Amino acid sequence: MYAMNSYPTRPAIKIRTDHPLALVSAVRQALRHAGATSEDIDRFNKEARSAGDEGAAAVRTLCASWADLDIRPDALAPLLPFRREGVDPQRST
C-alpha cells in the first residue's frame, strides 16, 4: 500500500457522500490541488481500482490513507425529500 508521497501535506476533504466513486474523484482532485505529482496520482488511481474489487469499505480505507476525509452523508438528508418515509420518489409533488 501507500508509503511516501511527494507533495507536502495530506489534503483535507469535506464531502457529503460516502459513495466510493465520489470519494475517489474527490481525493484525486484534492491531490492535484495539493501539488501531488502525476506519478502519485497515477499510483492512487491504480490502488483505487484494486481496492474497488475488494468493496466499498476498502475504497474508503484507501481514500482515508491518502487524505483526511470528513464524510457527512447526513448533510444531504434535508435536500432529498424522497428519502423520508412515506414519500414516493416516482410520484411528482
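Residues numbered from 1 in each chain as written. Predicted model: local features only at pLDDT ≥ 70, side-chain atom pairs only at ≥ 80, totals over all residues. Heavy atoms only, no water.

> For this particular structure, what's the right way to read the overall build of the protein chain?
The helix and strand inventory of the protein chain stands at 3 helices and 2 strands. By the burial criterion, 27% of the 93 residues in the protein chain qualify as buried. At a minimum sequence separation of 6, the contacts of the protein chain that also span at least 24 residues come to 64%. Accessible area of the protein chain: about 6500 Å², with a carbon and sulfur share of 51%. (Helix = DSSP H or I, 4+ residues; strand = E, 2+ residues; numbered from the N terminus. Buried < 20%, exposed > 50% of the residue type's maximum accessible area, 1.4 Å probe, protein only. Contact = heavy atoms within 4.5 Å. Areas by Shrake-Rupley, 256 points an atom, 1.4 Å probe, with all protein chains shown as cover.)

> Help me understand the environment of P20, please; the structure alone is not making it clear to me.
Positionally, P20 belongs in helix α1 (residues 20–34). It is 9.8 Å that separates the C-alpha atoms of P20 and A51, two residues lying 31 residues apart in sequence. Among residues more than four places away in sequence, those in contact with P20 are A56 and V59.

> What is the right way to read helix α2 (residues 38–54) from this model?
Helical geometry note: an α-helix holds 3.6 residues per turn, so side chains three or four residues apart project in the same direction. With 17 residues, α2 should reach 24 Å at 1.5 Å per residue; the first-to-last C-alpha distance of 25 Å fits that figure. Within the span of α2, buried status applies to D40, I41, F44, N45, E47, A48 and A51. Buried positions along α2 lie against α1 and α3 (56–66). Trailing α2 by a residue or two, G55 shows a phi angle of about 120°, which is positive. (Expected span 1.5 Å × (residues − 1).)

> Can you help me understand the environment of S50 in this one?
As for its placement among the helices and strands, S50 is situated in helix α2. With relative accessibility at 42%, the residue S50 sits in the partly exposed group.

> I would appreciate a short explanation of the packing of α2 against α3 in the present structure.
Each pair of packed helices gets described by two things: the angle between the helix axes and the distance between those axes. Contact geometry of α2 with α3 gives a least axis separation of 8 Å together with a crossing angle of 155°. As the angle between them shows, α2 and α3 are arranged roughly antiparallel. Crossing angle aside, the handedness with which α2 passes α3 is right-handed. Mapping the contact onto sequence places D40, R43, F44, E47, A48, A51, G52 and E54 in α2 and A58, V59, L62, C63 and W66 in α3. For the contact of α2 with α3, the residue count by class is 8 nonpolar, 1 polar and 4 charged. (Axes fitted to C-alpha atoms, helices over the stretch in contact; angles between N-to-C directions. Parallel < 35°, antiparallel > 145°, perpendicular 65-115°, else oblique. Left-handed = near helix turned anticlockwise from the far one by under 90°. Nonpolar A, V, L, I, M, F, W, Y, C, P; charged D, E, K, R; others polar.)

> Whenever I open this one, α3 confuses me. Can you help?
A58, V59, L62, C63 and W66 are the residues of α3 that are buried. In a view along the axis of α3, the buried residues occupy a sector of 135°, so they form one face of it. Buried residues along α3 sit against α1, α2 and β2 (68–71). (Arc of directions from axis to C-beta.)

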